[in-house]
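# Overview (structure and organization)
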Amino acid sequence: MPKHDTPMLDELEKGPWPSFVTDIKRQAAQSPQCWDILGQLELSFKDKITHWKHGGIVGVFGYGGGIVGRYSDVPKQFPGVAHFHTVRLAQPSGMYYSTKKMRAICDLWQKYGSGMTNMHGSTGDLVLLGTTTDQLEPMFYEMTHDLNQDLGGSGSNLRTPSCCLGMSRCEWSCYDTQALCHFLTMHYQDEIHRPAFPYKFKFKFSGCPNDCVAAIARSDFAVIGTWKDDIRIDQAAVKGYMKGDFKANAGAHSGRDWGKFNIQTEVVDLCPTGCMWMEGETLKIDNANCTRCMHCINVMPRALRPGVETGATICVGAKAPILDGAQFATMTIPFMKIDAESEYSDVVDAIEKIWDWWMEVGKNRERVGETIQRVGLPTFLTVMGVDILPQHIREPRSNPYVFWKEEEVEGGWTRDVKEFRKRNAQ
Amino acid sequence: MALSKEELKAAILEKAKTAPKPQLYIKDFYACDPDAKPRDVKNIANDLVKEGKMMFWSSGSTTMYAMPDRIKNEETRHE
Ligand code: SF4
Ligand code: SF4
């Protein structure tokens, strides 16, 4: 496959950062089809339109996801990318893998594909870019038999669940994110490998409100660690920070001189709910008004820690801007114990309530967040059996009518029409 | 009354054969038996794929169902 002239792409190699153009050129030395990726991309820059066609019937036997068909609409010009399918591999919980495994995956992809990878894709998967339909079954056989590796989700499937590294390295984790992620991945194998819904559905698990996997922005079902009791305060360590014994933010952001640490301006005044104050050198928190934003804990990790009565908040319905613009997930269940003993039965119940409702009420290609937006949050909360709290209310009501439910009205909706007519005879 | 598993399979295949478009969303099959649970319809449609009577067609973000002989023409458009 010949090299193409790519003057516009070459410009992208001139900046200070590593360039994907340089990476692809390097890979083309081993996989000449990569020259055609660059050639087609240069043409797209020139035509200001993509030359990829999405979709197709590619897949491996028994699976309805994990492989995404990609075809060039200019195959004669760029035969190396005429078929250029993507393969998604399920990533391990917390994205821990050995270099041995990584090498084996790269070797596999050099053998069956373009050798190009994208780690990690936005769902979390290890993404392998560029192969042809005839390579899929042999690649899948070797991957499952020799590498003990499975495909991830795509299409209208449950997408590969992903989690932060949680308790394996992070003292803030309020539940074992990796254990829950692994449990649900195994529990819902059918939903991951075969289409199950009107559209995609994503789970993400963060151990605390820092939300390192951006669950609140990117998942239909976000499980975000939190605590019920008070932030634990070590007042001696608070004083240590004030004296300068410890670096704020554990030394992060130290690339420039921020001056002497000031607990008032850097912590207390930045508390979003204004629920912190100093009494002399003692830090006070009105925990009932704390929104668990993590700011104070992030700044003074030696002095402040999440409470001990831990669990998670369930937020539902984030999505990217395809139809009505992007949106964050909405807080649905404020606190749930994450209980491995019961095989996470509360989490499973909540998930299945959402699925049963959304599969019925959701339209084709409608994310659950859009369904909630369409029918209204009160209806969704009723489906979930959640009592409505002040925190569920986004703005004061603008609708003057009050709608009663039948069970709230004495005698219900039944009435004797004849009786009524007698009294209201025209 | 909900259809039996076999009756629902037959109704789904009939719909996939006769619908104007070759690819159908899972929701398009719910009407085959309004009394059946959406998850049961999904399971039966997926069984039909396992049996080779239907195929998945995926755009990458959504997955649809189709009869193999109706979708092959679509696929060869890419060649
Ligand atoms: S989300 Fe919280 S618990 Fe998880 S890694 Fe990030 S800071 Fe730690
Ligand atoms: S976690 Fe956030 S809201 Fe809570 S006390 Fe600290 S700064 Fe305030």
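Residues numbered from 1 in each chain as written. Chains lettered and ligands numbered in written order. Predicted model: local features only at pLDDT ≥ 70, side-chain atom pairs only at ≥ 80, totals over all residues. Heavy atoms only, no water.

## Observations concerning the domain arrangement of chain A
All names here are of chain A. Taken domain by domain, chain A consists of domain 1 (7–146), domain 2 (162–215 + 314–392) and domain 3 (232–305). A separation of 31 Å is found between the C-alpha centroids of domain 2 and domain 3. Here domain 2 packs against domain 3, burying approximately 470 Å² in sum over the two surfaces, 63% of which is carbon and sulfur. Taken as a group, Trp172, Pro209 and Asn210 account for 83% of the area that domain 2 buries against domain 3, more than any other trio of residues on that side. Run the count over domain 2 and domain 3 and you get zero salt bridges. Seen at the junction of domain 2 and domain 3, the total is one residue pair in polar contact (both at pLDDT 80 or more). Classifying every residue of the side of domain 2 that touches domain 3 gives three nonpolar, one polar and one charged. (Domains from an automatic or database assignment. Buried area = accessible area lost by both parts, 1.4 Å probe. Salt bridge = Lys/Arg side-chain N within 4 Å of Asp/Glu carboxyl O. Polar contact = N/O pair within 3.5 Å; in protein donor to acceptor, adjacent residues only side chain to side chain. Nonpolar A, V, L, I, M, F, W, Y, C, P; charged D, E, K, R; others polar.)

## A short note on the site of ligand 2
Near ligand 2 the following residues occur: Cys271, Pro272, Thr273, Cys275, Met276, Ile285, Cys290, Thr291, Arg292, Cys293, Met294 and Cys296 of chain A. For the shell around ligand 2, the per-class residue count stands at nine nonpolar, two polar and one charged. (Near = heavy atom within 4 Å.)

## A short note on the nonpolar core
Counting residues in each nonpolar core, the largest one holds 60 residues, and the members touching the most others are Leu184, Phe201, Phe203 and Phe221 of chain A together with Phe29 and Met54 of chain B. Element by element, the count of residues in this core is highest for helix 12 (residues 345–361) of chain A, at nine residues. Core analysis: the second largest hydrophobic core is formed by 26 residues, Phe261, Leu283, Val299 and Leu304 of chain A among them. (Core = buried A, V, L, I, M, F, W, Y, C linked by side-chain atoms within 4.5 Å. Buried < 20%, exposed > 50% of the residue type's maximum accessible area, 1.4 Å probe, protein only. Helix = DSSP H or I, 4+ residues; strand = E, 2+ residues; numbered from the N terminus.)

## Observations concerning unusual backbone geometry
Residues and elements named next belong to chain A. Cis peptide bonds are those with omega within 30 degrees of zero, and the linkage from Met119 to His120 qualifies with -5°. Summarising the element assignment, His120 is placed in the loop between strand 5 (116–119) and strand 6 (126–129). With phi around 55°, Arg365 is a residue other than glycine that occupies positive phi space. Assignment of secondary structure puts Arg365 in the loop between helix 12 and helix 13 (368–375).

## Some points on the pairing of strand 12 (residues 282–285) of chain A
Residues and elements named next belong to chain A. With burial as the criterion, only one face of strand 12 is covered, namely that bearing Leu283 and Ile285; the residues Thr282 and Lys284 on the opposite face remain uncovered. Inspection of the sheet shows strand 11 (residues 276–279) paired to strand 12 by four bridges, in the antiparallel sense. Bridged to Trp277 within strand 12 is Lys284. Between the antiparallel neighbours strand 11 and strand 12 lie two residues, among them Gly280 with a positive phi of about 65°. (Pairing = 2+ DSSP bridges.)

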